[in-house]
Amino acid sequence: MNILMALSQLEVTGAEVYAVTLGDELIKRGNNVIIVSDTLTKESKAKYIKLEFNKRGFKERINQIKTLLRIIKENDIHIVHAHSRASSWSSQIACKIAGIPLVTSTHGRQPVHLSRKIFKAFGDLTIPVCENIQKHLINELGVSSKNTVVLRNPVNTLEYPFVPQKKDGSKKILSIIGRLSGPKGEVAYKLLEILSQMENLEIRLIGGKDIPEKFQKFFKNENIKFMGYVSDVPEKIKESDIVIGAGRVAVEGILSGKPVIAIGEAKYIGLITNNNLAEALASNFGDIEFNNSENFNWNQIKDDIESAFTLTEKELSDLRESIEKEFDLNIITDKIEKIYARLYVLKRKYDIPVIMYHRVVNDENEGGVHGTYITAKKFDEHMRYLKEHGYCPITFKELLKINYRNRFNNGKKYVILTFDDGYEDNYKIAFPILKKYQFKCIIYLVSHLNYNKWDVEVPENPEKEFTLMTWDMIKEMQEYGIEFGGHTMTHQKLAHIPFEQAKKEITISTQFLEEKLGEKLVCFAYPYGDLNEQVKEFVRNSGYSFAVATDSGDLSFSEDLFQIRRIGIFPTNNMLSFKRKVHGNYNFIKLRREHKSSKS
């Protein structure tokens, strides 16, 4: 996807670190990311465009909106993610005009006044970084709970190896990390007043471009070192024996195996252990109180420092493990990617249609009793319509190559044509028509049968016997570019047979087909669309990149790549029905109709 990150800041902030960390991971996965901001101090793989959101006059706001609209159009932006109040205001209007979704991350409490309640500017979804912010948004600003989801600041945990504590008798290093201006500056100042006389500590203040004048009285103290802004905060954390900070600083400290005393702008949490971790997470380690009241217990600091030195390596390691689960970059990026795609799909009422055929026959007499066929005449009409209207049939192998995240780029009208089971008529009748229009498809093969035994041997409604393709036919189609996928050995209902049997159906079929085809299979189709979580997880772990169902699965293609919804084509469908089914919005119409039907 093409993503625009919007920030308003004049010096480095946690929001910038969040945006750059997330943006770089999104780029690594194949997305395109642009950052617009007043400044950008952190190195990023994203393209940076200067945009001064902190200029908040009416004329400046209009110019910001115009600039955003130009950037959105020129870069085919699919979604904007704003990380600050000033940038979200302009982004909200620009996104509404452009018809694309806006996501906001809320890093702190918001002003509670009438204009903010009227024009919330939180976009289609806001992501508060902790539970106290979420409560604040819902209870004080009237944001719907449906439009919020708590996700922590993403951290690449691999960049913070666990560093065991020093065992020698050298002076211990206590690092206070954060800005020296604003509320964080007040916290740092109070800490220095209390701790400046502790002889056994070297106190380092890390952060802030400028040192406020009132701190100068501590300059003569040899135990206190003002280090200012540093670009290698993780390295400074590794050198520390205790870290005092809030937000991301606290997270990085815990990941590095350091005792962390969490003190933020709003609250004194104290020495972090697994016992008070939930409280710390809810307040982003002391930065956010729900009721906006300050809550500091300064008498506790010296006791917390003493207790910090008693924490065992196992206690610190267990705490790190808990933090990894909450802040892991891969987990959070997965969730945010799905949010982006889902919001775009819902906004545009469109996603790539995955069409399901079975058989293509010369006339209705060859169709059989189950109605899983279409005539050659109709199939030719379908392919001609796709050709004349600029559709681009793509296989799953090709989609993997271009990266499924790019399926919305440049207005491409992708469609995926699938055939289940591998009937002989797919080669004799469908294949020549596909070649006529220079189209490709994917065919899911039942690997260990040569006819439709699963349909024929049904006592209550037996189907006629239809032959499956030979390997000579399959090889010829493969050389042309037709893709083949797994569909089990004998077409069993995988969620209705013992799991060990289901595993055998999937594993042996996959191994057999890959050996015969001489290539790795990319996509699997569940027979009858029958699956459960256990079966789905086994398919995922079998090396497939995608798996398709039938009527189950999300509206967003990428919500679950192992339960992709398909749209069936049947002999009763006329041309108008086919046009609707390939338009890209059919599933929205279908589900809305089903929802109305269930209510009546």
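Because the structure is predicted, anything quoted here is derived from the model rather than measured.

A.B. asks: Can you walk me through the overall build of the chain in this structure?
C.D. replies: Counting its secondary structure elements, the chain contains 21 helices and 22 strands. Once the C-alpha set of the chain is aligned to its principal axes, its extents read approximately 95 × 60 × 50 Å. Expressed as a percentage of the 600 residues in the chain, the buried residues total 55%. For the chain, the proportion of contacts with a sequence separation of at least 24, taken over those separated by at least 6, is 66%. Accessible surface, the chain as shown: approximately 26,400 Å² in total, 49% of it carbon and sulfur. Charged side chains in the chain number 85 positive and 78 negative. The centres of these two groups are separated by 6 Å.

A.B. asks: What is the right way to read the sheet that holds strand β4 (residues 79-82) from this model?
C.D. replies: Within a beta sheet, neighbouring strands are joined by backbone hydrogen bonds and run either parallel or antiparallel to one another. Strand order in the open sheet formed by six strands is β3-β2-β1-β4-β5-β6, and the pairing between neighbours is parallel. Edge positions in the sheet fall to β3 (47-50) and β6 (125-128), since each of these pairs with one other strand and no more. Along the sheet, successive strands turn relative to each other by an average axial angle of 20 degrees, direction set aside. Pairing geometry for strand β1 (residues 2-6) and β4, over four bridges, is parallel. Bridged to Leu-4 within β4 is Val-80.

A.B. asks: It is not clear to me how the nonpolar core should be interpreted in this structure. Could you clarify?
C.D. replies: Inside soluble globular proteins, nonpolar side chains tend to come together where they are buried. Of all hydrophobic cores here, the largest spans 69 residues; its most connected members are Phe-396 and Phe-557. Contact partners of Phe-396, with chain neighbours within four places excluded, come to Val-354, Ile-416, Thr-418, Ile-442, Tyr-444, Glu-483, Val-522, Cys-523, Phe-546, Val-548, Phe-557 and Ile-564. Core analysis: the next-biggest nonpolar cluster, separate from the first, contains 38 residues, Ile-35, Ile-332, Ile-339 and Tyr-344 among them.

A.B. asks: How should I be thinking about helix α18 (residues 499-517) in this particular structure?
C.D. replies: Structurally, the α-helix is built with 3.6 residues per turn, so residues lying three or four positions apart point the same way. Compared with an ideal rise of 1.5 Å per residue, which puts 19 residues at 27 Å, α18 spans 27 Å between its outermost C-alpha atoms and is within 8% of the ideal. Buried residues of α18: Ala-502, Glu-505, Ile-506, Ser-509, Thr-510, Leu-513 and Leu-517, and no others. Each buried residue of α18 lies within a common arc of 110 degrees when the element is viewed along its axis, so the set occupies one face. In α18, the exposed positions that point more than 90 degrees away from the buried face belong to Glu-500, Lys-504, Gln-511 and Glu-515.

A.B. asks: Please clarify how the pattern of salt bridges should be interpreted in this entry.
C.D. replies: A side chain of one charge can pair with a side chain of the opposite charge if their charged atoms are brought near each other. Tallied over the entire structure, the rule returns 36 salt bridges. Close ionic contact of Arg-109 with Glu-140 constitutes a salt bridge, the shortest N to O distance being 3.3 Å. Of this pair, Arg-109 sits in the loop between β5 (102-106) and α4 (114-118) while Glu-140 sits in helix α5 (residues 131-141), placing them 31 residues apart in sequence. Among the ionic pairs, Arg-407 bridges to Asp-351, the shortest N-O distance being 2.8 Å. Here the residue Arg-407 occupies a position in the loop between α14 (396-402) and β17 (413-421), and Asp-351 occupies one in the loop between α12 (329-348) and β13 (354-357), the gap between them amounting to 56 residues. According to the relative accessible area criterion, Arg-407 is buried, its value standing at 2%. A relative accessible area of 4% means that Asp-351 is categorised as buried. Salt bridges sharing common partners tie together Glu-25, Arg-29, Asp-334, Glu-337 and Arg-405.

A.B. asks: I keep staring at the environment of Ile-589 and nothing clicks. Help me out?
C.D. replies: Here Ile-589 is to be found in helix α21 (residues 586-599). Separated by 263 residues in sequence, Ile-589 and Glu-326 place their C-alpha atoms 37 Å apart.

A.B. asks: Would you take a moment to explain the packing of aromatic side chains for this structure?
C.D. replies: The description of two aromatic rings rests on the distance between their centres and on the angle between their planes. Under the defined criterion, the tally for this structure stands at 25 aromatic pairs. Here the aromatic rings of Phe-296 and Trp-298 are separated by 5.3 Å at their centres, their planes lie at 5 degrees, and the arrangement is stacked. Plain terms: the ring middles of Tyr-423 and Trp-454 are 6.5 Å apart, the flat faces sit at 50 degrees to each other, and that makes the pair tilted. You can see Tyr-423 sitting in the loop between β17 and α15 (424-436) and its partner Trp-454 sitting in helix α16 (residues 453-456), a full 31 residues away along the chain. As far as burial versus exposure is concerned, Tyr-423 and Trp-454 are alike and both buried. For Arg-359, the ring lying beneath its charged end belongs to Phe-466, and the centroid distance is 3.6 Å. Between Lys-493 and the ring centre of Tyr-528, over which it is positioned, the NZ or CZ distance is 5.2 Å.

A.B. asks: Is there a simple way to explain helix α3 (residues 85-98) in this structure?
C.D. replies: Between its first and last C-alpha atoms α3 spans 20 Å; for 14 residues at 1.5 Å apiece the expected length is 20 Å, and the two agree. Within α3, the full set of buried residues consists of Ala-86, Ser-87, Ser-88, Ser-90, Ser-91, Ala-94 and Cys-95. Looking at the buried residues of α3, the elements they touch are β1, α2 (58-74), β4 and β5. Looking one or two residues past α3, Gly-99 carries a phi angle of roughly 75 degrees, positive in sign.

A.B. asks: Which parts of the structure should I look at to understand the sheet that holds strand β9 (residues 224-228)?
C.D. replies: Pairing is mixed across the open sheet formed by six strands, whose spatial order is β9-β8-β7-β10-β11-β12. Two strands in the sheet have a free side with no partner beyond their single neighbour: β9 and β12 (268-271). Between one strand and the next, the sheet's axes are offset by a mean angle of 15 degrees, whatever the strand orientation. As defined by bridge partners, strand β7 (residues 172-177) adjoins strand β8 (residues 201-206) across six bridges and the pair is classed as parallel. Its bridge partner being in β8, Leu-174 is matched across the sheet by Ile-203. Set on the sheet, helix α8 (residues 247-255) makes contact with β7, β10 (242-245) and β11 (260-263); between it and β10 the angle comes to about 160 degrees.

A.B. asks: What exactly am I supposed to notice about the packing of α15 against helix α17 (residues 471-480) here?
C.D. replies: It is the contact of α15 with α17, at a shortest axis distance of 11 Å, that shows an interaxial angle of 20 degrees. In terms of their interaxial angle, α15 and α17 are classed as roughly parallel. For the element pair α15 and α17, the recorded crossing hand is left-handed. Judged by residue contacts, Glu-424, Asn-426, Tyr-427, Lys-428, Phe-431, Leu-434 and Lys-435 of α15 engage Met-473, Glu-476, Met-477 and Tyr-480 from α17.

A.B. asks: Can you help me understand unusual backbone geometry in this one?
C.D. replies: You will see that Asn-284, though not glycine, has its phi angle at about 55 degrees, which is positive. Tracing the backbone through its elements, the reader meets Asn-284 in the loop between α9 (277-282) and α10 (301-308).

A.B. asks: Looking at this structure, I do not really get the environment of Gln-300. What am I missing?
C.D. replies: Residue placement: Gln-300 occurs in the loop between α9 and α10. Accessibility expressed as a relative area gives 26% for Gln-300, which makes it partly exposed. The spacing of Gln-300 and Gly-270 is 30 residues in sequence and 7.6 Å in space, taken between C-alpha atoms. Apart from residues no more than four positions distant in its own chain, Gln-300 is found in contact with Tyr-268, Ile-269 and Gly-270.

A.B. asks: Whenever I open this one, the packing of α8 against helix α11 (residues 313-327) confuses me. Can you help?
C.D. replies: The relative placement of two packed helices comes down to the angle between their axes together with the axis-to-axis distance. Interaxial distance between α8 and α11 falls to 8 Å at its minimum, and their mutual angle equals 130 degrees. Taken together, the axes of α8 and α11 lie oblique to each other. Taken as a pair, α8 and α11 cross one another with a handedness that is left-handed. Within the contact between the two elements, α8 uses Val-251, Ile-254 and Leu-255 and α11 uses Leu-319, Arg-320, Ile-323, Glu-324 and Phe-327. Across the contact of α8 with α11, the residue classes break down as six nonpolar, no polar and two charged.

Conventions adopted
- Residues numbered from 1 in each chain as written.
- Predicted model: local features only at pLDDT ≥ 70, side-chain atom pairs only at ≥ 80, totals over all residues.
- Heavy atoms only, no water.
- Helix = DSSP H or I, 4+ residues; strand = E, 2+ residues; numbered from the N terminus.
- Buried < 20%, exposed > 50% of the residue type's maximum accessible area, 1.4 Å probe, protein only.
- Contact = heavy atoms within 4.5 Å.
- Areas by Shrake-Rupley, 256 points an atom, 1.4 Å probe, with all protein chains shown as cover.
- Lys, Arg positive; Asp, Glu negative; His and termini not counted.
- Charge placed at Lys NZ, Arg CZ, Asp CG, Glu CD.
- Pairing = 2+ DSSP bridges.
- Axes fitted to C-alpha atoms, helices over the stretch in contact; angles between N-to-C directions.
- Core = buried A, V, L, I, M, F, W, Y, C linked by side-chain atoms within 4.5 Å.
- Expected span 1.5 Å × (residues − 1).
- Arc of directions from axis to C-beta.
- Salt bridge = Lys/Arg side-chain N within 4 Å of Asp/Glu carboxyl O.
- Phe/Tyr/Trp six-rings, centres within 6.5 Å; stacked < 30°, edge-to-face > 60°.
- Lys NZ or Arg CZ within 6 Å of the ring centre and 35° of its normal.
- Parallel < 35°, antiparallel > 145°, perpendicular 65-115°, else oblique.
- Left-handed = near helix turned anticlockwise from the far one by under 90°.
- Nonpolar A, V, L, I, M, F, W, Y, C, P; charged D, E, K, R; others polar.

Any functional reading would require information beyond the geometric quantities listed.
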